[in-house]
Amino acid sequence: MTRPSTSPRLAVLPMLPGHIKEITAIEAASFASPWPGYFFQAGILHKQAHPLVCLTLPGKALAGYLCLWLQDHEIQIQNLAVHPAFRGRGVGRHLLQKGLDLSLELGAREAVLEVRPSNLAARRLYRSLNFSEIGRKPGYYTNDGEDALILFLDLKNTFQPSTVD
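Let us look at the structure shown here. Keep in mind that what you see is a predicted model, and the values were worked out from it rather than measured. Chains are numbered independently. Their residues run from 1 in the order of the written sequence. Where totals are concerned, whole chains, interfaces and linings use all residues; where local detail is concerned, this predicted model gives features only for residues with pLDDT of at least 70, and gives and counts side-chain atom pairs only at 80 or more. Neither water nor hydrogens contribute to the side-chain values; these are computed over all heavy atoms in the structure.

### Observations concerning the nonpolar core
For clarity, the threshold we go by: What makes a nonpolar core is a set of buried Ala, Val, Leu, Ile, Met, Phe, Trp, Tyr and Cys residues whose side-chain atoms join them at distances within 4.5 Å. Buried, partly exposed and exposed residues are distinguished by accessible area as a fraction of the type maximum, computed with a 1.4 Å probe on protein chains only: under 20%, between the cut-offs, and over 50%, respectively. Runs of H or I in DSSP of at least four residues are treated as helices and runs of E of at least two as strands, each being numbered from the N terminus. Note on contacts: a residue pair qualifies if any of its non-hydrogen atoms lie within 4.5 Å across the two residues.
Core analysis: the largest hydrophobic core is formed by 31 residues, its most contacted members being Ile-77, Leu-96, Leu-100, Tyr-126 and Phe-131. Only β2 (52-57), β3 (62-71), β4 (74-82), α3 (91-105), β5 (110-115), α4 (120-128) and β7 (148-154) provide two or more residues apiece to this core. Each residue touching Leu-96, except ones within four places of it in the same chain, is listed here: Leu-66, Ile-77, Leu-125, Tyr-126, Leu-129 and Phe-131. Within the second largest apolar cluster, 11 residues are counted, among which are Ile-26, Val-53, Tyr-65 and Cys-67.

If you want it as structure tokens, here you go:
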């Protein structure tokens, strides 16, 4: 599939069981140690989980997904991936922005995540939304021993909620 040059129109919606097959394909194309489908299924059912999908309009192709976990007043960004055909077109940023907007609505005051130091595209995305590095977890990724950077965002004072849909 060739990548169109224009940004698609996007809709962010709750993840449903019918999305899991497409999500696991994106997961496998995105990560060296992909999550199995039952992780996503469990997320759909758990009350602290808030998994989202990003669909293109009008065709409703699944362009990406985001898994959020709310614990007290902290949102944990557990997983974010964009279909290879839609990378570099603002899908990840739109999805993360909408997920952080939802987090505020749910009462979260801060967001945290882990990211590989080698994942420069993800780090640029997080930096563009004002996440800052607060620590490192040595050897966090078990498949290759790469460290994880711990990133933090103060949702109440640093994050800029979206102003349009």
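### Considerations on the environment of Phe-159
Secondary-structure assignment places Phe-159 in the segment after β7. A sequence separation of 26 residues divides Phe-159 from Glu-133, and the C-alpha atoms of the two residues are 15 Å apart. Apart from residues no more than four positions distant in its own chain, Phe-159 is found in contact with Gln-97, Leu-100, Asp-101, Leu-104, Leu-153 and Asp-154.

### Structural notes on the sheet that holds β4
Heads up, the rule is: Between any two strands, pairing holds if DSSP finds at least two bridges. Helix axes use the C-alpha atoms of the stretch in contact, all axes being lines fitted to C-alpha atoms, and the angles between their N-to-C directions lie in the range 0 to 180 degrees.
Judged by pairing direction, the sheet is mixed, and its 7 strands sit side by side in the order β1-β2-β3-β4-β5-β7-β6 without closing on themselves. The open sheet has two edge strands, β1 (9-14) and β6 (132-137), and neither has a second partner. Taken over all neighbouring pairs, the strand axes of this sheet differ in orientation by 30 degrees on average, direction set aside. Two elements, β6 and β7, share 5 bridges in a ladder whose sense is antiparallel. In the sheet register, Gly-135 faces β7, and the bridge partner there is Ile-150. Those strands touched by helix α1 (residues 20-30) are β2, β3 and β4, and its axis lies near 90 degrees from that of β3. Helix-sheet contacts for α4 involve β4, β5 and β7, and the interaxial angle to β5 is about 165 degrees.

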